[in-house]
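Notes for the structure review
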Amino acid sequence: MAPLFQNERGSDQRFDVNLSILFTELPLLERPAAAAAAGFTAVELWWPWIETPTPARAELDALKKALDDAGTQLVGLNFYAGALPGPDRGALSVPGEESDRFRANIEVAADFAASVGCKALNALYGNRVEGADPQVQDALALENLVLAARAADRIGAILLVEALNKPESPLYPLVSAPSAIEVVDKVNAATGLGNAKFLLDVYHLSMNGEDVSQVIEAYADKTGHVQIADNPGRGAPGTGSLPLEALLDQLAKAGYDGWVGLEYKAADAAANPAAFEWLPAGARAAR
């Protein structure tokens, strides 16, 4: 695969690798070193412990050590989101036990993020639940997002709200950029902190049939993090038809200087250099 970015600055963007979708053929604690071996020094993660919002201190310490030993900076972390990957799409709007688990996770996730210098925390909204009033779910979501925003603010971080795509997440209510922006605005109005931001995932927006260029034009100033994968297929840039280089250039020109998370599928990335051939080696390290 020929590089998409011909200059070593990689379209003036800062790239990180999502270790919850790439290098998953390896155990969690080996993935930071694999990312570093591929030339990346910044990474992000979904909540790694899907079975618990409150892992043992030893597990948290082991992940911190793996990140530190590899020389990788964690730049994005999800709050507890249920079984992800799997049937769940977050916990914060799900009444009962899942909402309780999200709340139990808030300070744990924030404290871990603070310990590794991570400044962005993503709170997946959660699916609609059969028999639950959507208005009740939305009220619960706002309560929990306010708590999460305050915890993020305590450590100098932003809170991210993400739109997913309806074909793959049919029960998830935030399946357009405007729907996610509406939640961002509500959280900021409720807290007065202004630290809730939009997570602009190019793949999800494309799957929803949105004009990604128009989304960038409308919401670049409210965007706190970007994730990319090509479409169709959710593969590496250059494997589908999305004009990813042009879209990232547009983001940069609109003033976005944050991270671009590589959240695509590539089999055996640790043993397959082609997984990252689209990005020149000089553009991979954090800067």
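Residues numbered from 1 in each chain as written. Predicted model: local features only at pLDDT ≥ 70, side-chain atom pairs only at ≥ 80, totals over all residues. Heavy atoms only, no water.

Here we look at unusual backbone geometry
What counts, and what does not: By the criteria applied, helices consist of DSSP H or I runs no shorter than four residues and strands consist of E runs no shorter than two, each listed in order from the N terminus.
For the peptide bond that leads from leucine 84 to proline 85, omega is 5°, which places it in the cis range. Tracing the sequence through the fold places proline 85 in the loop between strand 3 (73–78) and helix 3 (97–116). Of note, the bond from asparagine 231 into proline 232 is cis; its omega dihedral lies within 30 degrees of zero at 5°. Inspection of the secondary structure puts proline 232 in the loop between strand 7 (223–228) and helix 8 (244–253).

Describing the layout of surface pockets
The criterion, for reference: A 1.4 Å probe that fits into a set of points on a 1 Å grid over the protein atoms alone but cannot get out defines a cavity; an open set with protein on both sides within 12 Å along at least five of seven lines defines a pocket, and lining residues are those with an atom within 4 Å of a point. Grid points are joined across faces, edges and corners, and a volume is the space filled by probe spheres set on the points. Each residue gets one of three labels, nonpolar for Ala, Val, Leu, Ile, Met, Phe, Trp, Tyr, Cys and Pro, charged for Asp, Glu, Lys and Arg, and polar for the others, Gly among them.
What the largest pocket holds in volume is close to 370 Å³. Considering the residues around the largest pocket, the lining is formed by 20 residues, among which Trp46, Leu84, Pro85, Arg89 and Arg234 are closest to the centre. The class makeup of the residues in the lining of the largest pocket is six nonpolar, eight polar and six charged.

Focus on the packing of aromatic side chains
Each aromatic ring pair is specified by the distance between its two centres and by the angle formed by the two planes. Going by this rule: Aromatic rings from Phe, Tyr and Trp, taking only the six-membered ring of Trp, are treated as a pair when their centres fall within 6.5 Å; an angle between ring planes under 30 degrees marks them as stacked, one over 60 as edge-to-face, and anything in between as tilted. We call a charge positioned above a ring when the Lys NZ or Arg CZ atom is no farther than 6 Å from the ring centre and deviates by at most 35 degrees from the ring normal.
Counted under the stated rule, the structure contains eight aromatic pairs. An aromatic cluster is built from Phe15, Phe23, Phe40, Tyr264, Phe276 and Trp278, whose rings are joined through pairwise contacts. One Lys or Arg, arginine 14, reaches over the ring of tryptophan 259 and ends 4.3 Å from the middle of that ring.

A few points about empty space enclosed by the protein
Any empty space left between atoms is shown by rolling a water-sized probe over those atoms. According to the stated counting rule, one finds one cavity of 30 Å³ or more in the structure shown. Residue lining of the largest cavity: 14 residues in total, with Glu44, Gly76, Leu77, Asn78 and Asn122 positioned closest to the centre. Among the secondary structure elements, those contributing two or more residues to the lining of the largest cavity are strand 2 (42–45), strand 3, strand 4 (120–122) and strand 7. For the lining of the largest cavity, a count of residues per class yields seven nonpolar, six polar and one charged.

What about the side chain of glutamate 162?
Test applied: When a residue's accessible area, from a 1.4 Å probe over protein chains only, is under 20% of the maximum for its type it is buried; when over 50% it is exposed; and in between it is partly exposed. Within this scheme the basic residues Lys and Arg register as positive and the acidic residues Asp and Glu register as negative, but His and the chain ends are omitted. Throughout this description, the term salt bridge denotes a Lys or Arg side-chain nitrogen within 4 Å of a carboxyl oxygen of Asp or Glu. Polar contact is the term for a pair of N or O atoms within 3.5 Å; when the atoms are in protein, one must be able to donate a hydrogen and the other to accept it, and sequence-neighboring residues count only if both atoms are side-chain atoms. We call two residues in contact when some of their heavy atoms are within 4.5 Å.
Structurally, the position occupied by glutamate 162 is in strand 5 (residues 158–162). An unpaired buried charge is present at glutamate 162: no salt bridge exists, and arginine 234, the closest side chain of opposite charge, is 6.1 Å distant. One polar contact links glutamate 162 to asparagine 122, side chain to side chain, over a distance of 3.1 Å. In this view, glutamate 162 contacts Asn122, Leu124, Tyr172, Leu174, Ala180, Leu199, Asp201, His204, Gln227 and Glu263; residues no more than four positions away in its chain are not counted.

Considering the environment of glutamate 107
Within the secondary structure, glutamate 107 sits in helix 3. The sequence separation of glutamate 107 and phenylalanine 79 amounts to 28 residues, and the corresponding C-alpha distance is 9.6 Å. Those residues in contact with glutamate 107 that sit more than four places away from it in its chain are Ala151 and Arg154.

Comments concerning the packing of helix 3 against helix 4 (residues 134–154)
For clarity, the cut-off: Between N-to-C directions, angles span 0 to 180 degrees; the directions come from axes that are lines fitted to C-alpha atoms, helices contributing only their stretch in contact. Note on angle classes: values under 35 degrees are labelled roughly parallel, values over 145 roughly antiparallel, values of 65 to 115 roughly perpendicular, and the remainder oblique.
Their axes nearest at 9 Å, the elements helix 3 and helix 4 cross at an angle of 10°. Regarding the angle of helix 3 to helix 4, the classification is roughly parallel. In this structure, helix 3 contributes Ser99, Phe102, Arg103, Ile106, Glu107, Ala110 and Asp111 to the contact, and helix 4 contributes Leu140, Glu143, Asn144, Leu147, Ala148, Ala151 and Arg154. The residue makeup of the contact of helix 3 with helix 4, split by class, is seven nonpolar, two polar and five charged.

Notes on the sheet that holds strand 1 (residues 14–18)
In plain terms, the rule: A pair of strands is labelled paired if DSSP reports no fewer than 2 bridges between them.
The strand order 1-2-3-4-5-6-7-8 describes a closed barrel built from eight strands, whose pairing is parallel. When the angles between neighbouring strand axes are averaged without regard to direction, this sheet yields 30°.

Observations regarding the pattern of salt bridges
All chains considered together, the criterion is met by 12 salt bridges. Note that arginine 101 is salt-bridged to glutamate 97, the shortest N-O span being 4.0 Å. With a gap of four residues between them, arginine 101 and glutamate 97 both fall in helix 3, about one helical turn apart. Judged by relative accessible area, which is 58%, glutamate 97 ranks as exposed. Through salt bridges that share partners, Glu97, Glu98 and Arg101 make up one connected network.

Structural notes on the pairing of strand 3
Put simply, the rule reads: We call a crossover right-handed when, viewed with the strands running away from us, the connection from the first strand over the helix to the second turns clockwise.
Extensive coverage of strand 3 is indicated by the burial of five of its six residues. Assessed by its sense of winding, the connection that carries the chain from strand 2 through helix 2 (residues 57–70) to strand 3 is right-handed. Examined bridge by bridge, strand 3 and strand 4 share two bridges and lie parallel to one another. Residue leucine 77 lies in a different strand from strand 4, and its bridge partner there is leucine 121. Each parallel crossover has a hand, and for strand 3 linked through helix 3 to strand 4 it is right-handed.

Points about helix 7 (residues 212–219)
Spelled out, the test is: The directions from the helix axis to the C-beta atoms form the arc being described.
Residues of helix 7 that are buried include every one of Val212, Val215, Ile216 and Tyr219, and no others. The buried residues of helix 7 occupy one face: seen down the axis, they fall within an arc of 100°. Seen from the buried face of helix 7, the exposed residues on the opposite side, beyond 90 degrees, are Gln214 and Glu217. Along its buried surface, helix 7 packs onto helix 5 (177–191), strand 6 (196–201), helix 6 (202–207), strand 7 and helix 8. Where helix 7 starts, the residue carrying a side-chain oxygen 3.1 Å from the main-chain nitrogen of serine 213 turns out to be aspartate 211.

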